[in-house]
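# A structural walkthrough
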Amino acid sequence: MEDNNILSTLAPLPHLPGFTFKRFEGPGDYQAMVDIIMSNVDDPNTHVTSLEDITVDYAHMSESVPVRDMVFAFHAEKPIAYCRTTCMWEASSNSWIYGWLMHVHHDWKHQGLEEVLIGWLEDQALLNHQTLHPEAAGMHSVFFSESDQHRLDIVQNRGYSPTRYFEDMKRDLIEIPDYPFPEGIEVRPAFPSQYRQVWEADVEAFQDHWGATIPPEENFQEWQANKNYFQPYLWQIAWSGDEIAGMVWNFINSTENEKRERLRGYTESISVRRPWRGKGIAKALICRSMKMMKTLGMTEVALGVDSQNISGATKLYYGLGYRSYNRSIVLRKPLIE
Amino acid sequence: MNTKEIYPINNAPQIAGLIFRHFEGESDYPKMLAIYTNLHAAGQYSGETTLKSLEAEFNNLSNCDPHYDVIFAEVDGQTIAFCRFYWERQISTREYAYGIIFRVDTAWQTKGIEQALINWGESRGLHYAATLPEGNVGFFLAFSRETDQVRSDILTDFGYEIKRYYHSMSRNLVDLPERPLPDGITVRPALPKDYRKIWDASNEAFQDEYGASDPTEEWYQGYLASPNFQPILWQVAWDGDEVVGSVQNYLSLEENELEKRQRGYTEAISVLREYRGRGIASALICRSMAMFKMLNMDEVALTADTQNPTGAMRLYTALGYRPYLTYLEFQKPI
């Protein structure tokens with residue numbers, strides 16, 4: 001979006017006595033964001049981050065325009081919270097989904113900031129919708145751990161309804177099951193010139209998922225930017241000739257492992273394309289991923305899954321020894337009530 | 001470009017339009033890569049250089065100031081060769097080595113450009129040596145593939161002599177040997193807080209290697225920035241909280257695509273002196289092979305000094321590695 005359009009679409013800043021509010025001003029704000037997030041590092045649901053991660057994430061961002069969509073809260077000139085509204089197209093519901101994220105410094109939680117920031121996020125999302133997609137349908141949508149009762153209460157009071165549940169699952173790597181690949185399937189790495197094919201196979205496979213969005217072209221670059229997640233040498237890809245049948249995008253976040261004092265590998269973005277489903281490819285890929293993680297010295301693997309996934313993914317992971325350790329919830333409400 | 005800084009070279013060959021110039025920053029990386037790509041196509045180079053690796057190398061040069069210590073040859077605006085000078089102080093002998101890295105595009109070889117570049121590199125070495133309190137001491141250093149007869153002949157004509165042979169070795173990942181770790185030694189992954197410790201331990205171990213030089217801070221920073229810095233793949237042996245050995249594995253998907261193979265590198269293999277002879281290196285290498293197999297690689301490779309005093313060649317051979325390429329180290333006293 002052009003800069004001269006942005007100014008006409010800014011929702012008024014929030015008001016709360018004792019606090020001041022400002023929009024995002026540029027990379028100089030990244031360190032404050034890291035500090036706010038990491039003040040909550042004792043909460044196991046806090047996603048460990050660093051200046052490097054934030055810098056990479058904000059260098060490639062298709063879901064928000066930070067100078068328009070982000071607000072910081074200050075107390076005595078010190079940044080203590082920030083939030084950002086996001087926008088993505090969801091094919092299955094034929095509507096624009098306005099999500100948000102919000103981080104409040106540990107010392108300033110539950111003192112009224114959450115409510116005013118959420119109010120602002122909704123105002124800005126509505127303004128974005130009316131400006132950019134006035135003819136289309138739109139929805140507010142949020143996602144966080146069920147254990148955050150305070151946040152759950154706020155959004156439910158504001159009219160959001162629980163819509164979908166996701167499980168975080170993990171298992172140890174002591175005894176790893178062994179499932180073979182079906183005839184005609186070969187496992188081999190993807191070459192860099194094949195990343196586009198890998199990306200498209202994933203987008204296609206996930207179209208059958210609840211909440212699937214159509215990623216804009218910029219996402220292809222975003223995806224490759226953050227080296228904590230994009231680790232193509234750890235992928236396990238099942239090929240049928242030159243076609244991708246299924247994949248697991250494994251990754252290891254060493255910074256997180258250090259902070260959390262654990263050795264966890266993520267077996268994520270597990271997908272099998274339609275023509276190859278029901279042949280045991282996912283099982284074989286996951287078992288191979290577990291063995292790989294073990295040779296890399298990891299002691300557990302983890303993943304997140306939509307608990308109502310129609311392909312029975314949760315059951316599959318359960319059968320492979322994964323157990324739920326956390327549940328997250330998606331709550332939604334119409335953009336205009 | 002009207003701001004081009006021309007470098008006068010004494011013995012430049014008579015080639016119409018040939019000039020020598022200074023390093024011009026990141027715009028030179030694609031030009032260097034183009035030369036490497038042609039050398040690769042001609043079988044004179046392996047595909048381990050990428051724009052990313054050049055950027056990491058030039059952002060963290062050790063004992064080399066790119067403004068003074070790198071030159072480029074151009075003909076009619078096309079970059080056709082370059083030369084980089086660096087110095088290092090070898091640990092075992094405390095001697096100064098003056099390294100000359102020169103690359104001439106395939107179409108421009110054997111026209112006298114190599115000689116001009118070597119001559120320039122030596123002049124940088126002499127310039128540096130003159131500033132040393134010890135006076136003019138040390139030797140010039142350059143490398144060539146054994147199969148690159150032209151390059152070897154040019155160096156020989158300049159008075160360089162072969163001092164050492166290095167083998168690049170590989171093995172497939174079909175039947176993997178297994179070697180246990182000795183009692184009391186554990187393997188666990190490298191976490192960010194350990195990187196420096198592992199670097200220091202491997203430098204300590206490499207002090208005994210022929211040609212090892214004093215590690216510098218730039219070298220460490222260059223190592224962190226290199227695309228081959230992949231600590232997730234390392235195998236690190238610990239005695240309690242002490243790092244006693246490591247294999248700093250890496251792989252390059254870009255190189256594998258270029259070379260149409262699936263290779264992982266089992267490189268920078270080191271064990272601290274007091275822990276040698278207990279099978280730690282063997283165990284780490286075997287674990288590395290098993291790991292690369294799970295990463296769907298077909299082979300592993302490394303480069304080793306054939307006269308390594310710790311018997312590394314014997315170990316690699318016993319584990320199934322076989323030489324596929326020999327590099328020659330040439331030296332000439334200053």
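Residues numbered from 1 in each chain as written. Chains lettered and ligands numbered in written order. Predicted model: local features only at pLDDT ≥ 70, side-chain atom pairs only at ≥ 80, totals over all residues.

### Regarding the sheet that holds strand β3 (residues 78-89) of chain B
Residue and element names in this part refer to chain B.
- One open sheet holds the 9 strands; their spatial order is β1-β2-β3-β4-β5-β13-β6-β12-β10, and the pairing between them is mixed. Pairing within the sheet leaves two strands with one partner each, and these edge strands are β1 (18-22) and β10 (263-265). Ignoring strand direction, the axes of neighbouring strands in this sheet form an average angle of 25°.
- As judged from the 3 bridges shared by β10 and strand β12 (residues 299-305), these two strands associate in the parallel manner. (Pairing = 2+ DSSP bridges. Helix = DSSP H or I, 4+ residues; strand = E, 2+ residues; numbered from the N terminus. Axes fitted to C-alpha atoms, helices over the stretch in contact; angles between N-to-C directions.)

### So, the domain arrangement of chain A
All names here are of chain A.
- Looking at chain A, the domain boundaries give domain 1 (3-159) and domain 2 (168-328).
- Distance between the C-alpha centres of domain 1 and domain 2: 29 Å.
- Opposite the 20 residues of domain 1 that make contact, domain 2 presents 21 residues.
- Mapped onto the side of domain 1 that touches domain 2, the elements with two or more residues apiece are α3 (51-59), β3 (78-90) and β5 (137-145). (Domains from an automatic or database assignment. Contact = placed C-beta atoms within 7 Å.)

### Remarks on the domain arrangement of chain B
Residue and element names in this part refer to chain B.
- Per the domain assignment, the segments making up chain B are domain 1 (18-159) and domain 2 (168-326).
- With centres defined by C-alpha atoms, the gap from domain 1 to domain 2 works out at 27 Å.
- Those elements giving two or more residues to the side of domain 1 that touches domain 2 turn out to be α2 (51-59) and β3.
- Of the residues forming the side of domain 1 that touches domain 2, the biggest block, 5 residues, is contributed by α2.
- Along the lines of polarity and charge, the residues of the side of domain 1 that touches domain 2 split into 4 nonpolar, 9 polar and 7 charged. (Nonpolar A, V, L, I, M, F, W, Y, C, P; charged D, E, K, R; others polar.)

### Section: unusual backbone geometry
- Unlike most non-glycine residues, Glu 77 of chain A shows phi in positive territory, near 65°.
- Positionally, Glu 77 of chain A belongs in the loop between β2 (70-75) and β3.
- Positive phi values are uncommon outside glycine, yet Lys 260 of chain B reaches one of about 55°.
- Mapping Lys 260 of chain B onto the fold places it in the loop between α8 (253-259) and β10.

### Describing the sheet that holds strand β10 (residues 264-272) of chain A
Residues and elements named next belong to chain A.
- Taken in spatial order, the 12 strands of this open sheet run β1-β2-β3-β4-β5-β12-β6-β11-β10-β9-β8-β7, and their pairing is mixed. Looking at the sheet topology across the chains shown, the edges are occupied by β1 (20-23) and β7 (186-187).
- The pairing of strand β8 (residues 236-240) with strand β9 (residues 243-251) spans 5 bridges and is classified as antiparallel. Of the residues in β9, the one forming a bridge with Trp 239 is Ile 244.
- Where helix α5 (residues 113-132) meets the sheet, it contacts β2, β3, β4 (95-104) and β5, and its direction lies at approximately 150° from that of β4.
- Relative to β9, helix α7 (residues 195-206) is tilted by about 95°, and along the sheet it contacts β9 and β10.

### Focus on the interface of chain B and chain A
- At the junction of the two partners, chain B supplies 19 residues and chain A supplies 19 residues.
- Those elements giving two or more residues to the side of chain B that touches chain A turn out to be α8 and α9 (280-294) of chain B.
- Residue classes in the side of chain B that touches chain A are distributed as 12 nonpolar, 3 polar and 4 charged.

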